[in-house]
Amino acid sequence: MTFALSLLDQLPNAIAVITEGGGVEYRNHAFDEAFGSDAAQWLKEAARAVAGERGWLHGFFTDSTETTDVEIEGRVYRIDKITRIVEDRESPAVALSFEDVTREREAEQAKSDFTAQIVHDLRGPLSGIQGTLEFVLSQDAKLDALYSDLLREAQRESERMMNLVNEILDFSKIKSGNFAVESEPIRVAGVLKRAVRSLQSVAARDEVFLLSAHGRDVPQIFGSMEKLTQAIINLISNSLKFTPRKGVISVGAQIERSNDVAEAIVITVTDSGMGIRADEIQTIFEKYKQAGTRSLRGGAGTGLGLYIVKQVVEAHGGEVSVASVEGVGTSMILRLPVKRAA
Amino acid sequence: MSAHPIPATNRDWSRLVGESLKQHGAWHTWAKLLEATRVYPGDLSLRGYIEILRNTIVRDFLAHPKGLQAVPRLSAEFMSNFDRFNLNAQEGYLVSLIDGRLDVQKLLILSPFDPFNTIFSLARLQQERAITVPQ
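As the structure is a computational prediction, the values presented were derived from the model and not from experiment.

A. Examining the packing of helix 2 (residues 44-62) of chain B against helix 6 (residues 115-127) of chain B more closely. Residues and elements named next belong to chain B. Relative to each other, helix 2 and helix 6 sit at 75 degrees, their axes nearing to 9 Å. The angle between helix 2 and helix 6 places the two elements in the roughly perpendicular class. Here Glu 51, Arg 54, Asn 55, Ile 57, Val 58, Phe 61 and Leu 62 of helix 2 come into contact with helix 6, specifically with Phe 116, Asn 117, Ile 119, Phe 120, Leu 122, Ala 123 and Gln 126. Residue composition of the contact of helix 2 with helix 6, grouped by class: 9 nonpolar, 3 polar and 2 charged.

Take a look at the structure:
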């Protein structure tokens, strides 16, 4: 046994070295203690799957995965890649560390369920407040100017609160893994139209031009109408916060074709707002991340909106990107594949 | 050596577009970005930069003191020499609607195209001096 391996053998963490060809080259003492001899067989099978480019182990060999959770016989293990061993070998190998995180994940799940329940309970009364304010404001002619302004402010703040509550609810669903996307046929033009219509009155109130930039011949895709609509609404709401009076927000869709067959739809939500600093562009889709630019209206959010949009798009097999020029505007770009029903 | 040029990063596009806008204006920068898409067809962020430019052009058009109530008119040059103008089908259709009485708001209602692209086409017609929008 080499010095390095004898060192690994004394570590408290379960560690195994797995080859790309499907063999378990080494496992330390802690590994055998944690998993018993059955695990060696299980690991061999998992490692063999690598050769066929299937299974969770594959990512560790292609350098794309650093850590992953895997369920083994009812327990959840976090597997970290310690290193990828390629020198002086015929086939690469990876050294992996296994940590039992079952209790942590159960605690996270309980916390997430609790958050989801609280947020769900908050939405009911909040909807009631919004409905009442909307009714009172519809009687505008009977209100004096001061009350009317105050009620509009209350309405604006209740909208903001509803957005925050919805973002936290979506986030808790993502965290708990309950973020499955249905596979119903969706008319993308309908999604965009619905999202634009739902915020048209807010845009008019803020004196911002909110314009559709897509035709009717956008092909349908398969996914969740509700989640996609919410993602587009999130993006438009975000743009509204940063676009000054007389500014423009456009919501467009373009079709990507290959040999005259639609392959993907590229949706853009573009504003003439303040833009994002060049050094912040790449991190804007991270959770709790908010651009340093201060919003013109609506105050600070949870920093979850764009993270949720990214999760929704990725759940549809798509990708997101952002373009921004400080002082000129920002464009959020969603690329969704056109999948066909089997 | 790769046959394709090395793509600019998002950060580079942000800086390049900002500088080009200051030096050459929105129309020139938009045309340059269209050329760039042929070189970098897979760059998703580039689509966004094109949309930012189109948005800027539409915002500038709507910044007319009369806004949506502005009334576009065919230019004298267009009336006397219309075959000089290389209009696409959408622009050609919009020109057929312009009668010197309909304002932008009514043109948006009559246009079969979406509102954003209708205004963008009007801005392009103005840029090409096919129409004027008197104050």
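Next comes the rest of the account.
B. Region of the structure containing helix 5 (residues 102-138) of chain A. Here helix 5 of chain A contains 37 residues, and its C-alpha end-to-end distance of 53 Å stays within 8% of the 54 Å for a straight helix at 1.5 Å per residue. Within the span of helix 5 of chain A, buried status applies to Thr 102, Ser 112, Val 119, Leu 126, Gln 130, Leu 133 and Leu 137 of chain A.

C. Seen up close, the packing of helix 8 (residues 225-242) of chain A against helix 9 (residues 305-315) of chain A. All names here are of chain A. Contact pair helix 8 / helix 9: the axes reach a minimum separation of 9 Å and the direction vectors enclose 150 degrees. Seen along the crossing, helix 8 lies across helix 9 with a hand that is left-handed. Contacts between helix 8 and helix 9 pair Lys 227, Leu 228, Ala 231, Asn 234, Leu 235 and Asn 238 from the former with Gly 305, Leu 306, Ile 308, Val 309 and Val 312 from the latter. Residues of the contact of helix 8 with helix 9, tallied by class, amount to 7 nonpolar, 3 polar and 1 charged.

D. View of the interface of chain A and chain B. Chain A puts 36 residues into the contact, and the matching count from chain B is 25 residues. Run the count over chain A and chain B and you get 1 salt bridge. Run the count over chain A and chain B and you get 9 residue pairs in polar contact (both at pLDDT 80 or more). Of all the secondary structure elements, the ones that give two or more residues to the side of chain A that touches chain B are strand 7 (209-213), strand 9 (248-258), strand 10 (261-271), strand 11 (319-325) and strand 12 (329-337) of chain A.

E. Up close: the packing of aromatic side chains. All names here are of chain B. This model, assessed by the stated rule, comprises 8 aromatic pairs over all chains. Where Phe 78 meets Phe 85, the ring centres are 5.2 Å apart and the plane angle is 55 degrees; that geometry is what we call tilted. By the burial criterion, Phe 78 is buried, and Phe 85 matches it. The interplanar angle of 90 degrees and the centroid separation of 5.9 Å between the aromatic rings of Tyr 93 and Phe 113 together place this pair among those described as edge-to-face. Here Phe 113 lies in the loop between helix 5 (104-110) and helix 6 and Tyr 93 lies in helix 4 (residues 89-97), a separation of 20 residues in the sequence. An aromatic cluster is defined as three or more aromatic residues linked by ring pairs; in this entry it consists of Trp 27, Trp 30 and Phe 120.

F. Here's a closer look at a positive patch on the surface. All names here are of chain A. On the surface, Arg 187, Lys 193, Arg 197 and Arg 216 cluster together into a patch of positive charge. Within the fold, Arg 187 resides in strand 6 (residues 184-187). When its relative accessible area of 53% is taken as the criterion, Arg 187 is described as exposed.

G. Focus on the sheet that holds strand 9 of chain A. The strand order across the open sheet built from 5 strands is 7-9-10-12-11 (chain A), with neighbouring strands paired in mixed fashion. At either end of the open sheet lies a strand with only one pairing partner, and these are strand 7 and strand 11 of chain A. Neighbouring strand axes in the sheet, compared pairwise and without regard to direction, differ in orientation by 15 degrees on average. Across 5 bridges, strand 7 of chain A lies against strand 9 of chain A in parallel orientation. Residue Ser 212 of chain A lies in a different strand from strand 9 of chain A, and its bridge partner there is Val 251 of chain A. Its contacts with the sheet place helix 9 of chain A against strand 11 and strand 12 of chain A, and it is angled at close to 20 degrees to strand 12 of chain A. With respect to the sheet, helix 6 of chain B is in contact with strand 7 and strand 9 of chain A, its orientation differing from that of strand 7 of chain A by roughly 95 degrees.

What counts, and at which threshold
Residues numbered from 1 in each chain as written. Chains lettered and ligands numbered in written order. Predicted model: local features only at pLDDT ≥ 70, side-chain atom pairs only at ≥ 80, totals over all residues. Heavy atoms only, no water. Axes fitted to C-alpha atoms, helices over the stretch in contact; angles between N-to-C directions. Helix = DSSP H or I, 4+ residues; strand = E, 2+ residues; numbered from the N terminus. Parallel < 35°, antiparallel > 145°, perpendicular 65-115°, else oblique. Contact = heavy atoms within 4.5 Å. Nonpolar A, V, L, I, M, F, W, Y, C, P; charged D, E, K, R; others polar. Expected span 1.5 Å × (residues − 1). Buried < 20%, exposed > 50% of the residue type's maximum accessible area, 1.4 Å probe, protein only. Left-handed = near helix turned anticlockwise from the far one by under 90°. Salt bridge = Lys/Arg side-chain N within 4 Å of Asp/Glu carboxyl O. Polar contact = N/O pair within 3.5 Å; in protein donor to acceptor, adjacent residues only side chain to side chain. Phe/Tyr/Trp six-rings, centres within 6.5 Å; stacked < 30°, edge-to-face > 60°. Patch = residues over 30% accessible without salt bridge, like charges linked within 9 Å, V, L, I, M, F, W, Y side chains within 5 Å. Areas by Shrake-Rupley, 256 points an atom, 1.4 Å probe, with all protein chains shown as cover. Lys, Arg positive; Asp, Glu negative; His and termini not counted. Charge placed at Lys NZ, Arg CZ, Asp CG, Glu CD. Pairing = 2+ DSSP bridges.

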